[in-house]
Amino acid sequence: MATKFISIISRVVFSSSLSLFITCCANAKEGAPVSPGKQINSRTDIPWQAHWITAEKIPGQKNVWLAFRRTFNVKDTALSTLRIAADSKYWLWLNDKLVIFEGGLKRGPTPQDTYYDQINLAGKLQPGGNTMAILLWYFGKEGMSHKSSGKAGLIAEMYQEDRLILQTDSTWKSIPHPAYTSESADPQPNWRLPESNIIFDAREDIPGWQRAGFDDTLWPNAKMICKGTCPPWNQLFKRPIPFWKDYGLRDYARAPRYPFTSTGDTITCSLPYNTQVTPFLRVKATAGHKITMLTDHYKGGSEYNMRAEYITQEGVQSYESLGWINGHKMHYIIPAGIEVLELKFRETGYYTTFAGKFTCSDPFYTRLWQKALRTLYVTMRDNYMDCPDRERAQWWGDVVLESGEAFYALDRNADALTYKGMLELMNWQRPDSTIFSPIPAGNWDKELPGQMLASVGYYGFYNYYLHTGDLEAIRNVYPSVERYLSLWDLDQQGVLKLRQGGWTWGDWGENRDVPLLMNTQYYLALEGFKLMSAALGESSKAGQMEEQMAAFKDNFNRLFWQGDHYQSPGHRGAVDDRSQGLAVVSGLADPEKYPAIFKVLQKEYHASPYMEKYILEALFQMGYPSFALQRMKKRFSPMVDHPTITTLWEGWGIGAKGFGGGTANHAWSGGGLTLLSQYVAGVSPVDPGYETFQVKPQLGDLTEVLAVVPSVKGDIKVHIQTLNRYDMQLEIPKGSKAIVFLPPGAKTIEINGTILIRDGVSKRVKGVTLVEKGQERHKQPAIQADPGQYHIVVK
């Protein structure tokens, strides 16, 4: 009789007039997340009084740009809060100043609902008359990162404490912005993107329409649609992530000397690295010429994405295309005879800092870590993305690796993006309990079973809790995880009965042993659920998981272990390296199997960069750091050593040489960043939220490693040198303590100039306790250290 998962479900771009206002947004820091585990679930404390509004006549059904204006009076300028939601994006000016550059989040906290922004306007209002102007971009298309409401709309209301002083209604003025054209010539952005090409005809612009002194008398009043939380936008969820970090308009590297007259050739400008940008130009031209702006990633991943076009007016003019695109180079196609006065770009991105660090004695691994970081950052915005060009989609297999990298590379603002993705994944759970990604999405609904198991399991949701200590987040997703796992059955042999889902993908590449991939990821999902149950005080469920996992492990090894490797009975072809690695990191493979698995991993190379992370991690866990680093270098050298591409690739090559279209910026290839910080530098949490962490370095053949890990307790800093002696400098932040593993066989251990051990005799050192941790293959001395700075010398 088939055994089922033991489930006790308890809760079954501007003209010259606009360019005057393009300044670096000072509001970005206001979006810094506060307690992301609680913030995302709060829709609003005050019922919405405002109405959703739109323009009276809207041209077309997609790629619509609307302009809104409202003048109003205030007496008190302090403590003013604006709540605003839009389908799909907006730019907001207040009293002639750009306050928000690209507000709004792509739609879909649930399949029906919408996000709203909350903006602190203290200090931005003036006594007496004020003017607010808003430019709205309505996508009007479904995408892999956006669920369209089907209607262009805006809602906003301003409060001073609990007093409503401004709201959207029919007193606002609104028109379709005549300079934006909804249709463009082919090629169009591919079907995965909700965004369209942006076409701006400066001859139709409305000079100064955002200014306080602009006369909008002839503009029609806005059309009211419905009040507050109403269809098709429904409930409004507060934005849980920061507003974008705006680096301001910047010069291109090796920019041409201005002014110059275009010859009609494409002008290529270099960006400092692969990044999210909006292009800017200032030219002198006659009217009616088309200027095209696109990056070298315009067909990134073998599919077209966005481009911008600008139709000139007469005279000197400036323009910034507002829809971000990414790449290493910006191409301007400027007709002959136009005088080019200035070309610039604006970088914007997720509001975080590159707080982590890793360097070592081999520059290759330092470069890999840096390229992984750059890839991670360019794939963050409204959501974690697989790639910023072809899809911009929140595939959860990618998110598992990206979030793991973020814990070691970025400040803790990044955690809000992970938790946003967790809630979205669970809020999109279907009535039949299945989950799928990417979400939010309007044109995708296929479940990838392996990725879904990874998302809710040890490396997904539980890893978030391990690094953040955010138990409320786990409490929120736990019932949905339980419902999803209840879908999975065991067969007569006590191993997983495969579910097809919508796409039984597994991985790119050859020799995929899908039954093994699913069984190992299922076991990791059980491990994550067991640990989440224990953390929530669900001891009975945790105990049941422990028993079920023990039986499953016995059955797995009985059926799949072939004496010197794992393989499912029906698999044909070479041994799958992915499955060997997952068997190790899941705990299904016991240490006595490690030597045989090591031999397999020395021979087999089939995984994509996505699954390669788990293979390399298995090598570290089995105690083969030198070969782990050797394999890492062999696999990733073409990416890391590429002289001009600053990011890591989707496959082992680009385009046709890669997988799935072969993008040149795929953060799932950045697992090496995590491994270098977690295993080579050796820093990882032992208790959730870094109450205790360990430093257990595995340098392999490296002679020096320096790392900074930006934990929730503060920066952990470690510097290890082994050329002449084992020398470690360690900084432990307040509120945490560390277990520090030291080389086996040490005769003398000196800490901060005091001998802790010499020839087997130990002494007391302030803040340090000598412990000994047993390992499967050897015993390794260790100390437990309180917060502070330590200089440890081992001889």
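Residues numbered from 1 in each chain as written. Predicted model: local features only at pLDDT ≥ 70, side-chain atom pairs only at ≥ 80, totals over all residues. Heavy atoms only, no water.

## Observations regarding the packing of helix H13 (residues 609–622) against helix H15 (residues 671–680)
Stated precisely, the cut-off is as follows: Only the stretch in contact is used when fitting a helix axis, every axis being a line fitted to C-alpha atoms; angles between N-to-C directions are given from 0 to 180 degrees. Numbering of helices and strands runs from the N terminus, with a helix taken as a DSSP run of H or I at least four residues long and a strand as a DSSP run of E at least two residues long. We call two directions roughly parallel when the angle between them is under 35 degrees, roughly antiparallel when it is over 145, roughly perpendicular when it lies between 65 and 115, and oblique otherwise. A crossing counts as left-handed when the near helix is turned anticlockwise from the far one by less than a right angle, and as right-handed when that turn is clockwise. What makes two residues a contact is simply this: any of their non-hydrogen atoms within 4.5 Å.
With their axes 10 Å apart at the nearest point, H13 and H15 run at an angle of 10 degrees to one another. By the angle class used here, H13 and H15 are roughly parallel. At the point where H13 passes H15, the crossing takes the right-handed sense. Contact residues: H13 offers Lys613, Leu616, Glu617, Phe620 and Gln621, while H15 offers Gly671, Leu675, Gln678, Tyr679 and Val680.

## Observations concerning the pattern of salt bridges
Applicable threshold: By salt bridge we mean one thing: a side-chain nitrogen of Lys or Arg within 4 Å of a carboxyl oxygen of Asp or Glu. Think of it in three bands: with a 1.4 Å probe and only protein chains considered, a residue is buried below 20% of the maximum accessible area for its type, exposed above 50%, and partly exposed in between.
Summed over all chains, the structure comprises 39 salt bridges. Glu391 is the salt-bridge partner of Arg192, the closest N and O atoms lying 3.7 Å from each other. Separated by 199 residues along the polypeptide, Arg192 in the loop between strand S11 (180–181) and strand S12 (198–201) and Glu391 in the loop between helix H3 (363–378) and helix H4 (396–409) bring together distant segments of the chain. Assigned by exposure class, Arg192 and Glu391 land together as buried. Here Arg635 makes a salt bridge to Glu612, at a shortest N to O gap of 3.3 Å. Taken together, the residues Arg635 in helix H14 (residues 625–640) and Glu612 in helix H13 connect sequence positions 23 residues apart. With respect to class, Arg635 is no different from Glu612; both count as buried.

## A closer look at unusual backbone geometry
Generally, phi is negative for residues other than glycine and the peptide bonds are trans, each holding for most cases. Along the chain, Ser437 connects to Pro438 via a cis peptide bond; the corresponding omega equals 10 degrees. The linkage connecting Ile439 with the following residue, Pro440, adopts the cis geometry, with an omega of -5 degrees. On the secondary structure map, Pro440 appears in the loop between helix H5 (415–427) and helix H6 (449–456). Here Glu102, not a glycine, exhibits a phi torsion of approximately 60 degrees, which is positive. Within the secondary structure, Glu102 is located in strand S5 (residues 97–103).

## What about the sheet that holds strand S23 (residues 357–360)?
Basically, it comes down to this: Strand pairing follows a simple DSSP-based rule, namely that at least 2 bridges must link the two strands.
Read from one edge to the other, the open sheet built from 8 strands follows the order S23-S26-S27-S28-S35-S30-S31-S32, with strand pairing classed as antiparallel. Strands with a single pairing partner mark the edges of an open sheet, and in this sheet they are S23 and strand S32 (761–762). Sheet analysis places strand S31 (residues 754–758) next to S32, joined by 2 bridges and oriented antiparallel. Across the sheet, residue Arg758 finds its bridge partner in S32, namely Val761. In this fold H4 packs onto S23 and strand S26 (704–711), with an angle of close to 105 degrees to the strand it touches most, S26.

## Here's the deal with the pairing of strand S25 (residues 692–695)
Here is the key point about a regular strand: its side chains alternate between the two faces of the sheet. As defined by bridge partners, strand S24 (residues 683–685) adjoins S25 across 3 bridges and the pair is classed as antiparallel. Paired with Ser684 across the two strands is Gln694, which belongs to S25. The antiparallel pairing of S24 with S25 creates a hairpin that spans 6 residues between the two strands, and Gly689 there sits at a positive phi of about 75 degrees. Bridging between S25 and strand S29 (residues 737–741) involves 4 bridges; their strand directions are parallel. Within the sheet, the bridge partner assigned to Phe693 lies in S29 and is Ala738.

## Looking at the confidence of the model for the protein
In plain terms, the rule: Along the chain, pLDDT gives the predictor's confidence residue by residue, from 0 to 100.
Looking at the protein, pLDDT values average 93 and 93% of them are 70 or higher. This model gives residues 1–43 a pLDDT under 50, and the stretch forms 137 contacts once residues within four places in sequence are excluded.

## Digging into the sheet that holds S5
Reading across the sheet, the 5 strands line up as S5-S4-S7-S2-S10 and stay open at both edges, with antiparallel pairing between neighbours. Only two strands of the sheet have a single neighbouring strand rather than two, namely S5 and strand S10 (173–176). Averaged over all pairs of adjacent strands, the angle between their axes in this sheet comes to 15 degrees, without regard to strand direction. Of the pairings in the sheet, the one linking strand S4 (residues 89–94) to strand S7 (residues 128–138) comprises 6 bridges and is antiparallel in character. Across the sheet, the residue bridging to Trp93 is Ala133, located in S7.

## Brief notes about the state of the cysteines
Disulfides are covalent bonds that connect the sulfur atoms of two cysteines. Inclusion rule: Any two cysteine sulfur atoms within 2.5 Å of one another count as a disulfide.
What the rule picks out here adds up to 1 disulfide. The partner cysteine of Cys226 in its disulfide is Cys230, sulfur to sulfur 1.9 Å. Disulfide Cys226-Cys230: torsion about the S-S bond near 60 degrees, hence right-handed.

## Description of the pairing of strand S6 (residues 114–120)
By the criterion of burial, S6 is predominantly enclosed, with 5 of the 7 residues buried. The sheet contact formed by strand S3 (residues 80–87) and S6 spans 4 bridges and is antiparallel. Opposite Ile84, over in S6, you have Asp117 as the bridge partner. The pairing of S6 with strand S14 (residues 236–238) spans 3 bridges and is parallel. Among the inter-strand pairings, Tyr115 is bridged to a residue of S14, identified as Phe237.

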